Amino acid sequence: MSTLTPVLSSPGWELLESLQARQDTTPVSLPELAGALRSSGVPAELAAAVVTQLALRRAARAKFGPIASHMVFTRDGLEQATRLVVAARHAQRFRDAGVRRVADLGCGIGADSVAIAGLGMGVLAVDIDPEAAQAAAANLRDFDDAQVRLGDVMDLDIAELAGDGVDAIFADPARRTGAARGSSRITDPERWSPPLSSALRWAQTISAVGVKVAPGIAYDRIPPTWHAQWVSVGGDLVEASLWSPPLAPEGPGRSCLLLDETGAAHGISSRDGQEANAPAEVVDVVPLGNTIAEPDPAVIRSGMLAQLARLVGAGIVSPSIAYLTGDDLPASPFYDRFEVLEVTNLRAKAISAALRTLNAGSVEIKKRGADIDPDALRKSLKLSGVGQATVIATRVDGRHRAIVCRRLPANL
Ligand SMILES: C[S@@+](CC[C@H](N)C(=O)[O-])C[C@H]1O[C@@H](n2cnc3c(N)ncnc32)[C@H](O)[C@@H]1O
C-alpha cells in the first residue's frame, strides 16, 4: 500500500493537519512523536505515514517555504519537484502568453501545476506514478479548474487535448533512474521519460510548449527557434528550460536568469538573431588584472560569459576556463569578485608563505583547470593567522598557479 494513502482521507488527514499545526507552534522531535502516536493507539501504518509527511514537509521548506506545511509529498517527488520561486517563473510565461489551460505532462507531486493554477489558469496534470498523481491531486485540492489523471503521457492524443481546451503544455521529463537502480542521472535526453524529442514534437499540435531539462543539455539538442533559459537560485544552478516561440517573448536564443532568496532577478540574453543552438561565443584571453571574478554557473552554462565580459570590460584568464579578470571590475550580481594579491606556484609551501604574510587563518579554495584536492591542500597549509583569504587554483599563462586573493564585498 502507498505510504501516502493513509493521510489522504479521514481520519489520517485530520490527524496530519492537527499535528502539523502543533509542530508549527511547539515542535517535538519526529521520533518522539512517532513513539507517542503508537503508544496512544494510532495504527502503526498511519503513524508512520503521518510522521513521514511531517518529515517531508519539513525538508520541503527549502523549496516551498511555509506552503510546504499544506502540501503532501513523496520522497522522489520532492527531490524532483521544481522549487516554488522557479515554478512561479514558469507559470508567469504561460500567463503572459494568454494561456488558459495547461497540460502538465509528468506532473510529479504537482509543484508546477500548483504555480500555474495559482495564477488562475486551468490545469490538466498527468503522471504515470500512482503516488505522484495522488500527491498532485491533494496539492491541487483547492483549485476547481485543476484535474489530475493517472496515465502514460506517451499514450495521449495531443490533438484530443487541444480539443478539450488545452492550449499549452509543460513537460518536466524524469531524468533519473529509479531509486532501485541507484537513482543516477540520465544524460541522454532520448532516455528521459518522456524523451525530449517527444515533448518537442507536441509543439506541432499545441504550439505553446515549455520543457524543463537538465542544465547540462547540449546546445545542439535545442530547437534553433526556441528560447533556452538556465536558472540559478542563490548561486546554485537548478535547471534549464526550453520555451517554444509563443512562450518566449524574448525571442529565439539563450539566457541566464539568476534568482535570489529575496526574489531579486537578474538576467542576460543572447544577442538578437542568435539561434538557441548556436555555439557559445569565445571570450578573449587577457592578462591577469587586479580583480578575478567567478561567474554564476547559470551564466557559464547558458553561454553568456562573452556577453558578461563585454558588459564589464573583462576577459578570461585562460582559454576554456571560466574565470573573468580585469582591473577594478565592478560589483555585479553575475559573479563573485576577488582582489588579486599574489600569484604563486601551485604548491603548499609557496601558498602557505603568501598566506602567512596576510596573517590568514582560514582559506576558501577554488579550482578550475587544476587537478587538486582542496581539502588536502587546505590541511597541508597549516594556517595559524586570524584573517580570511581565498586561493584560486587555475592556469595562468599556460601554467598551473595559485592566485591568492581577498573576496570583495558584493556591494562595493
Ligand atoms: C521531474 S518529475 C516532475 C516534477 C514536477 N514538475 C514538479 O515540479 O513536481 C517527472 C515526473 O514524470 C513522470 N513520468 C515519467 N514518465 C512518464 C510518462 N511516460 N507518463 C506520465 N508521467 C511520466 C514521473 O513519474 C515523474 O513524476
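Worth saying up front: this structure is predicted, and the values here are computed from it rather than measured.

A.B. asks: So what about the environment of asparagine 290? Which residues, and what values?
C.D. replies: Position of asparagine 290 relative to the elements: it lies in the loop between strand 9 (265-269) and strand 10 (291-295). Look at asparagine 290 and you get partly exposed, because its relative accessible area is 29%. For the pair asparagine 290 and threonine 5, spaced 285 residues apart in the sequence, the C-alpha separation amounts to 60 Å. If near-sequence neighbours (up to four positions away) are discounted, asparagine 290 is found in contact with Gly326, Asp327, Asp328, Phe338, Glu339 and Val340.

A.B. asks: Run through the packing of helix 1 (residues 12-25) against helix 3 (residues 44-64), naming residues and quoting values.
C.D. replies: Across the interface, helix 1 lies against helix 3 with an axial gap of 10 Å and an inter-helix angle of 45°. Accordingly, the angle class assigned to the pair helix 1 and helix 3 is oblique. Crossing geometry of helix 1 relative to helix 3 is assigned as right-handed. In this structure, helix 1 uses Gly12, Trp13, Leu15, Leu16, Glu17, Leu19, Gln20, Gln23 and Asp24 to contact helix 3, whose residues at the interface are Leu46, Val50, Gln53, Leu54, Arg57, Arg58 and Arg61. The residue inventory of the contact of helix 1 with helix 3, partitioned by class, reads seven nonpolar, four polar and five charged.

A.B. asks: I'd like to hear about the site of the ligand, residue by residue, with values.
C.D. replies: Around the ligand sit 20 residues, and of these Thr82, Asp127, Asp152, Asp172 and Ser193 come closest. Between an oxygen atom of the ligand and a main-chain N or O atom of cysteine 107, the distance comes to 3.4 Å. In the environment of the ligand, an oxygen atom lies 2.6 Å from a nitrogen or oxygen atom belonging to the side chain of aspartate 127. When the ligand sits alone it has 600 Å² of accessible area, and the protein chains cover 93% of it. The residue makeup of the shell around the ligand, split by class, is eight nonpolar, seven polar and five charged.

A.B. asks: Explain the nonpolar core residue by residue, including any values.
C.D. replies: Counting 50 residues, the largest nonpolar core has Leu105, Leu161, Trp202, Val211, Leu242 and Leu324 as the members making the most contacts within it. The dominant element in this core, judged by the number of residues it contributes, is helix 11 (residues 305-312), at five residues. Summarising the domain contributions, this core has at least three residues from each of domain 2 (78-269) and domain 3 (291-407). Setting aside residues up to four positions removed in sequence, leucine 161 forms contacts with Ala103, Leu105, Leu124, Arg149, Leu156, Val166 and Ile206. Counting 29 residues, the second-largest nonpolar core is a separate cluster that includes Leu56, Ala60, Met71 and Ala111.

Cut-off values and rules
Residues numbered from 1 in each chain as written. Predicted model: local features only at pLDDT ≥ 70, side-chain atom pairs only at ≥ 80, totals over all residues. Heavy atoms only, no water. Helix = DSSP H or I, 4+ residues; strand = E, 2+ residues; numbered from the N terminus. Buried < 20%, exposed > 50% of the residue type's maximum accessible area, 1.4 Å probe, protein only. Contact = heavy atoms within 4.5 Å. Axes fitted to C-alpha atoms, helices over the stretch in contact; angles between N-to-C directions. Parallel < 35°, antiparallel > 145°, perpendicular 65-115°, else oblique. Left-handed = near helix turned anticlockwise from the far one by under 90°. Nonpolar A, V, L, I, M, F, W, Y, C, P; charged D, E, K, R; others polar. Near = heavy atom within 4 Å. Polar contact = N/O pair within 3.5 Å; in protein donor to acceptor, adjacent residues only side chain to side chain. Areas by Shrake-Rupley, 256 points an atom, 1.4 Å probe, with all protein chains shown as cover. Core = buried A, V, L, I, M, F, W, Y, C linked by side-chain atoms within 4.5 Å. Domains from an automatic or database assignment.

Treat this as a map of the structure, not an account of what it does.
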